[in-house]
Amino acid sequence: MPKHILIFDSGIGGLSVYKEIKYQLPLAKYIYAFDNAAFPYGELTESVLIERTTHIVSQLCSKFPIDIVVIACNTASTVVLPSLRDKLDIPVVGVVPAIKPAALVSNKIGLLATPATVKRSYTYDLIKSFAPISDVLLLGSTRLVEMAEEKMVGVDVNIDELKEILSPWENKVDTIVLGCTHFPFLKNEIKKALGNKILLIDSGEAIARRVKQLLKSGKEEMIIYEGEVFCSASSIKEEALNSTFKKLGFSSLQYLDYPKF
Ligand code: DGL
């Protein structure tokens, strides 16, 4: 039986993490779940985040023989990991903004994340531990998250709008930590807005390495399994979403059993 990997986010952002994991573990069976009924997570309270994430992840863990859970969402990871780990007896991996590697190469760092992530004590502790002498500027934007969602269903990113959002950082940062899993999908556009010299760092590859390390490798059959994808609400963009997921190796969208938000 293949390893079953459950990847969770509020939307399509977790696909940036999925791509990295799939690259390292191509023979696993992937279950991707996103809570679009409650999107965007960056605007939710901690208790709602914990309740929704725990409910959805537990539901899928009883439906599939999941070997590892990846919370591919920085916003959720800042609060849900302790309760999920208490509840489940399999490894749960979260996503942490890549402050540590950024601080090794720069002292003009910008952390780009959701409004919730930039407020959390978890984020401040991370900066305090790993970037004590660096000047870390914080910017939380839900609009950027929406722009990444739109791009994934074929809408062009408006570079002027992006420039406006990033304007407080012009000439102030040389390295940006992409502290939201949606943002790697905007890398080219961020470079267009801020110039090619800007260094963009995300945590995708590090998470993939961690997942590979935690999954005890057995003898796997040379089969590429079709992934399954679940969401919590219907979308007017269903056709475009299905085509995005299909290109990445998933079957059509299925619906989670969850009351409407
Ligand atoms: N992709 C998510 C993150 O990494 C959440 C974005 C949102 O729903 O606000 O934080």
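Residues numbered from 1 in each chain as written. Predicted model: local features only at pLDDT ≥ 70, side-chain atom pairs only at ≥ 80, totals over all residues. Heavy atoms only, no water.

## A look at the pattern of salt bridges
By the definition in use, this model includes 9 salt bridges. We note a salt bridge from Arg-120 to Glu-46, for which the minimum N-O separation is 3.6 Å. On the criterion of sequence distance, the pair formed by Arg-120 in the loop between strand E5 (108-113) and helix H5 (121-130) and Glu-46 in helix H2 (residues 46-63) is long-range, its members being 74 residues apart. On the accessibility criterion, Arg-120 (10% relative accessible area) is buried. The partner of Lys-187 in a salt bridge is Asp-202, and the shortest N-O contact between them spans 3.0 Å. (Salt bridge = Lys/Arg side-chain N within 4 Å of Asp/Glu carboxyl O. Helix = DSSP H or I, 4+ residues; strand = E, 2+ residues; numbered from the N terminus. Buried < 20%, exposed > 50% of the residue type's maximum accessible area, 1.4 Å probe, protein only.)

## Quick notes on the site of the ligand
Taken together, 14 residues sit near the ligand, with Ser-10, Tyr-41, Asn-74, Thr-75 and His-182 positioned nearest. Within the contact set of the ligand, an oxygen atom lies 2.7 Å away from a backbone nitrogen or oxygen of Tyr-41. In the shell around the ligand, the residues fall into 6 nonpolar, 7 polar and 1 charged. (Near = heavy atom within 4 Å. Polar contact = N/O pair within 3.5 Å; in protein donor to acceptor, adjacent residues only side chain to side chain. Nonpolar A, V, L, I, M, F, W, Y, C, P; charged D, E, K, R; others polar.)

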